[in-house]
Amino acid sequence: MAWLLLLAAIVLEVCGTTCMKLSEGFTKFVPSLLLFLFYVLAFTSLTFAVKVIDISTAYAIWAGLGTALIAVIGFWHFSDPVTPLKIGCIALIIVGVVGLNLQTGH
């Protein structure tokens, strides 16, 4: 259950960050409101997940996968420039998350 909560925290954080971009500096009401809602839910899920999962592992996975996912959304949805260096760095983030999972035996 803790791993599902961590996954939910990641997805909610990515939704919040996407709404951050869509809010255009808090000038659009609905994305601005959703930004706060998604972040509250993300941190709530993360808080329950770290009751079982080591905080160092949970936070690294949350931050790493969230960063990688939001980068992909930036490339696809917001037309952020894609470079080989960016792709390589995202791959390193994913390798790091996998390594953490292998190290902790999960």
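Provided above is the structure to which this section pertains.
The notes below deal with the structure included here. Every chain is numbered independently, its residues counted from 1 as its sequence is written. For a predicted model such as this one, the threshold for reporting local features is a pLDDT of at least 70, and the threshold for listing and counting side-chain atom pairs is 80 or more; totals across whole chains, interfaces and linings nevertheless cover every residue. Excluded from the side-chain calculations are hydrogens and water; all other atoms, namely the structure's heavy atoms, are used.

Before going further, it helps to spend a moment on the overall build of the protein. For the purposes of this entry, the term helix denotes a DSSP run of H or I that reaches at least four residues, the term strand denotes a run of E that reaches at least two, and both are numbered from the N terminus. When you go through the protein residue by residue, the secondary structure sums to four helices and zero strands. Helices and strands appear in the protein in the N-to-C order α-α-α-α. We call a residue buried when its accessible area falls under 20% of the maximum for its residue type, exposed when it is over 50%, and partly exposed in between, using a 1.4 Å probe and counting protein chains only. In the protein, which comprises 106 residues, the proportion classed as buried is 33%. Two residues qualify as a contact provided that any one of their heavy atoms is within 4.5 Å of a heavy atom in the partner residue. The long-range share in the protein, meaning contacts at least 24 apart out of those at least 6 apart in sequence, stands at 64%. Positive and negative charge centroids in the protein, built from 4 and 4 side chains respectively, lie 5 Å apart. When charges are tallied, Lys and Arg are placed among the positive residues and Asp and Glu among the negative ones, while His and the ends of the chain are skipped. By convention, charge coordinates are those of NZ in Lys, CZ in Arg, CG in Asp, or CD in Glu.

Attention now goes to the side chain of Ser32. For Ser32, the position within the fold is in helix H2 (residues 29-49). Residue class for Ser32 comes out buried when judged on its relative accessible area of 9%. If we ignore the near neighbours within four places in the chain, the residues touching Ser32 are Ser23, Phe26 and Thr27.

The interhelical angle for the contact between helix H1 (residues 2-22) and helix H3 (residues 55-76), taken along N-to-C directions, is 40 degrees, at an axis separation of 9 Å. Viewed along their axes, H1 and H3 adopt a mutual orientation that is oblique. Pair H1 / H3 crosses with right-handed handedness. For the pair H1 and H3, contact is made by Trp3, Leu6, Ala9, Ile10, Glu13, Val14, Thr17 and Thr18 and by Thr57, Ala58, Ile61, Trp62, Leu65, Gly66, Leu69, Ile70 and Ile73, respectively. When residues are sorted by character, Ala, Val, Leu, Ile, Met, Phe, Trp, Tyr, Cys and Pro go into the nonpolar class, Asp, Glu, Lys and Arg into the charged class, and all the rest, Gly among them, into the polar class. Classifying every residue of the contact of H1 with H3 gives 12 nonpolar, four polar and one charged. The axes used here are C-alpha line fits, helices contributing only the stretch in contact, and every angle between their N-to-C directions lies in the interval 0 to 180 degrees. Comment on the angle field: the value is read as roughly parallel under 35 degrees, roughly antiparallel over 145, roughly perpendicular from 65 to 115, and oblique elsewhere. Crossings are assigned a handedness: left-handed for a near helix turned anticlockwise from the far helix by less than a right angle, right-handed for a clockwise turn.

Here we come to the packing of H1 against H2. When two helices pack together, their arrangement is given by the angle between the helix axes and the distance between those axes. At a minimum axis distance of 7 Å, the contact between H1 and H2 shows a crossing angle of 160 degrees. Viewed along their axes, H1 and H2 adopt a mutual orientation that is roughly antiparallel. The hand of the H1/H2 crossing is left-handed. Of the residues belonging to the contact of H1 with H2, the class tally is 20 nonpolar, three polar and one charged.

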